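# Fold and geometry: a report
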Amino acid sequence: MLAFFPSMFKDELFYSVLARYHKRSGNLSNKDSTIDLFGKKKAYIIPDLTTDLEILFARVNPFLNSSIDEWINYHTLYNYYTNFTSNEIKQNVRDKMLNGCGNNSLHYSTGQMAGTVKEPMYFRYCPNCFNEDIQMNGEPYWRTYHQLSSVFICLKHSVLLEDSSILIRQGNSSYFYSNIENSLKNDDKSDFSKVNFDMLRHFAVESSNLNQKDYKFEQLNLLEIYHYLLHREGYVKSSGTIDQRRLEEDFIKKYKTDFLLLMQSFPSGVDGQCWLRAITRKHRKSFHPVRHLLLIHFLGESVDTIKQHANKYYTPFGEGPYLCLNPAAEHYLQPVITNLKVSRCNDTKSPIGTFSCVCGFVYSRKGPDKTENDKTRIGRIKAFGETWMNKLHQLIESEKMSYKACSRILKVDTKTIIKYSRPRNSKPINKKNNIKSDLKQSWLDLITQYPTFSRTELRKKAPSFYMRIYRHDKEWLKKHPPFVRTNVVTNKRVDWVKQDLQMLAKVKMAVEDLNTREKPVKITISSIGKKINQLSLLEQKADKLPRTMAYIESVKESVNDFQKRRINWSVKQLRDEELEFWKIVRKAGIRESYYPDLTEEIMIYLNHPT
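I will try to describe carefully the structure that is included in this document. Please read these numbers as outputs of a predicted model, since none were measured by experiment.

Scoring rules and cut-offs
Residues numbered from 1 in each chain as written. Predicted model: local features only at pLDDT ≥ 70, side-chain atom pairs only at ≥ 80, totals over all residues. Heavy atoms only, no water. Salt bridge = Lys/Arg side-chain N within 4 Å of Asp/Glu carboxyl O. Buried < 20%, exposed > 50% of the residue type's maximum accessible area, 1.4 Å probe, protein only. Helix = DSSP H or I, 4+ residues; strand = E, 2+ residues; numbered from the N terminus. Polar contact = N/O pair within 3.5 Å; in protein donor to acceptor, adjacent residues only side chain to side chain. Contact = heavy atoms within 4.5 Å. Phe/Tyr/Trp six-rings, centres within 6.5 Å; stacked < 30°, edge-to-face > 60°. Disulfide = S-S within 2.5 Å. Axes fitted to C-alpha atoms, helices over the stretch in contact; angles between N-to-C directions. Parallel < 35°, antiparallel > 145°, perpendicular 65-115°, else oblique. Left-handed = near helix turned anticlockwise from the far one by under 90°. Nonpolar A, V, L, I, M, F, W, Y, C, P; charged D, E, K, R; others polar.

### Quick look at the pattern of salt bridges
Tallied over the full model, the rule gives 29 salt bridges. Here Arg365 ties to Asp369 by a salt bridge, and the two come within 2.8 Å at their closest N and O atoms. This pair shows no difference in class: Arg365 is buried, exactly as Asp369 is. Here Asp374 ties to Arg377 by a salt bridge, and the two come within 3.6 Å at their closest N and O atoms. According to the relative accessible area criterion, Asp374 is buried, its value standing at 16%. On the basis of relative accessibility, which here comes to 31%, the residue Arg377 falls in the partly exposed class. Among the charged side chains, a network of salt bridges with common partners joins Glu12, Arg20, Arg24 and Glu139.

### Considerations on the side chain of Asp48
Residue placement: Asp48 occurs in the loop between helix H2 (30–38) and helix H3 (53–60). Within the structure, Asp48 has its side chain in polar contact with the side chain of Arg169 (distance 2.5 Å). Setting aside anything within four residues of it in sequence, one finds Asp48 in contact with Thr76, Leu77, Tyr78, Tyr81, His107, Gln112, Glu119 and Arg169.

### So, the environment of Ser350
Considering the arrangement of structural elements, one finds Ser350 in the loop between strand E5 (339–344) and strand E6 (351–356). Excluding anything up to four places from it in sequence, Ser350 contacts Ser343, Arg344, Cys345, Lys366 and Gly367.

### Observations regarding the packing of aromatic side chains
Per the stated rule, a full pass over the model turns up 32 aromatic pairs. Between Phe251 and Trp275, the ring centres sit 5.6 Å apart and the planes meet at 75°, which makes this aromatic pair edge-to-face. Here Phe251, found in helix H12 (residues 244–255), pairs with Trp275, found in helix H14 (residues 275–279); they are 24 residues apart in sequence, far enough to count as distant. Per residue, the accessibility class of Phe251 equals that of Trp275, and both read buried. Centroid distance Phe251 to Phe298: 5.4 Å. Interplanar angle 55°. Geometry classified as tilted. Within this pair, whereas Phe251 is found in helix H12, its partner Phe298 is found in helix H15 (residues 289–298), the two being separated by 47 residues in sequence. The two residues Phe251 and Phe298 agree in class, both being buried.

### Examining the state of the cysteines
This model, assessed by the stated rule, comprises zero disulfides. This cysteine, Cys154, is not joined by any disulfide, and Cys129 carries the nearest cysteine sulfur, 3.5 Å off.

### With respect to the packing of helix H9 (residues 197–212) against H15
With their axes 11 Å apart at the nearest point, H9 and H15 run at an angle of 120° to one another. One element, H9, and the other, H15, form an angle in the oblique class. Judged by the twist between their axes, the crossing of H9 over H15 is right-handed. For the pair formed by H9 and H15, the contact residues are Met199, His202, Phe203, Glu206, Ser207 and Leu210 on the first element and Pro289, Leu293, Leu294 and His297 on the second. Class assignment of the residues belonging to the contact of H9 with H15 gives a composition of six nonpolar, three polar and one charged.

Quick look at the structure:
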């Protein structure tokens with residue numbers, strides 16, 4: 001039986017309570033404390049997800065006025081690592097914490113081991129909290145949210161957290177490290193000068209909330225909520241797909257490169273490896289909590305507010321049917337339209353609704369609708385329809401009303417009334433005139449004037465009347481072609497040695513010119529050949545031009561070399577701006593698939609901008 005057990009402090013990591021027990025018990029061996037607490041010599045004491053809690057609860061319950069649920073929710077990192085996982089995973093992790101797992105399979109279950117976001121290497125603490133703990137409690141302790149990957153400041157004192165010298169993951173997890181006072185480091189702090197402190201505080205608050213509540217996100221179907229919010233913010237195209245390129249650019253612009261690197265969540269990599277693209281598509285794997293938090297905040301929500309968007313579908317113009325705004329129809333201002341097509345404005349990305357009524361009236365407007373008055377607003381009339389046209393001719397022809405009076409009734413301007421008021425029985429003017437004989441004679445005269453010209457050359461001399469004849473009497477043109485020119489071919493032997501030397505001189509000049517271009521051009525056989533207008537010769541007679549081809553091989557660029565040159569050019573172009581990763585790659589036109597190979601090169605410029 002235990003003789004005592006320490007009371008738990010607010011927000012204390014349960015591992016810290018066990019460490020304080022070991023220190024107070026006077027046990028020299030960790031095994032002795034393990035036997036006291038768990039009734040066995042060996043137990044896996046996991047700092048973030050403590051196991052064998054049922055055994056421990058039965059032994060220490062007389063000393064604590066709390067439940068196992070309180071231990072898990074407020075004194076471990078259970079909620080933080082499982083809130084965004086499935087119910088099956090959550091239950092599996094909880095069962096292992098209650099009954100023990102015998103190994104580190106807990107961290108495989110939550111996806112921590114496979115993820116690219118790594119936990120802090122050392123236990124972290126706030127210097128101000130440490131001093132207050134000594135004064136008020138006589139001893140310090142580890143706080144839960146200080147150990148989260150997405151937390152870098154103390155919420156109570158608004159100061160940066162510091163690393164201790166105690167590793168969170170030990171080779172043998174049954175050891176207790178209780179002497180916190182002697183574990184503090186005095187190393188230099190990391191450079192947070194380029195990181196927004198308010199943003200650090202926001203994510204510390206969000207992470208702390210996430211760690212203390214069960215949000216039941218699986219029941220809300222987060223992916224549907226993300227798609228609804230992406231619709232709302234204008235990142236979904238009219239085709240229904242997400243504009244991933246613009247989403248990534250705006251995401252980086254909002255958070256800045258330094259902050260995303262700090263959060264280990266810069267959205268880079270090829271399409272299948274970019275976490276931002278993957279998290280907005282069907283979830284085939286788990287994502288680290290910090291990445292959910294980043295996306296939720298980017299979409300203007302928090303872990304407390306996002307649940308209000310469950311089971312919502314984006315309807316920028318409300319639920320149908322929609323009002324017909326045809327003043328000539330009997331159902332004017334009645335909700336009879338069921339045909340709505342939504343597209344996106346190319347400039348503002350706002351939704352544009354096109355409403356088509358059975359009466360033939362089609363109108364559109366830019367959304368979303370925010371008030372009841374918006375539902376009666378027309379941005380553009382795309383078609384008036386037969387009902388409207390019949391009403392117009394009735395007013396003009398039968399009732400003999402003025403154009404101005406008609407415009408008031410049909411709610412359009414006077415010019416529109418005039419345009420559509422032509423009598424219906426009038427026939428449209430046929431603009432196709434017979435080709436006059438003088439045009440054909442002009443074509444014959446042109447052939448006589450330029451007897452050596454081909455059809456294309458003659459056409460350039462008189463394009464207008466040629467096209468008129470071509471469109472309306474193509475057969476006549478075929479019967480009156482220009483004179484056939486006979487080309488006399490002279491067989492000449494080529495001096496390839498001389499040709500090679502001449503070509504080498506031209507190629508060198510071309511390479512020099514390409515290298516001095518303002519915007520980089522990749523040095524290839526193709527770019528050189530096009531520059532000197534000899535591409536086919538370089539491709540087809542390469543074996544005849546050994547000196548020229550050897551020189552081209554020595555100067556042509558690989559893809560990687562050219563990308564580096566583009567990055568260098570991009571940095572020079574951005575010399576008057578603050579350098580950021582996304583700005584450099586966008587200016588240089590680097591595709592995502594090249595990011596992994598070029599990240600180190602870009603970071604050199606970011607770390608040494610001068």
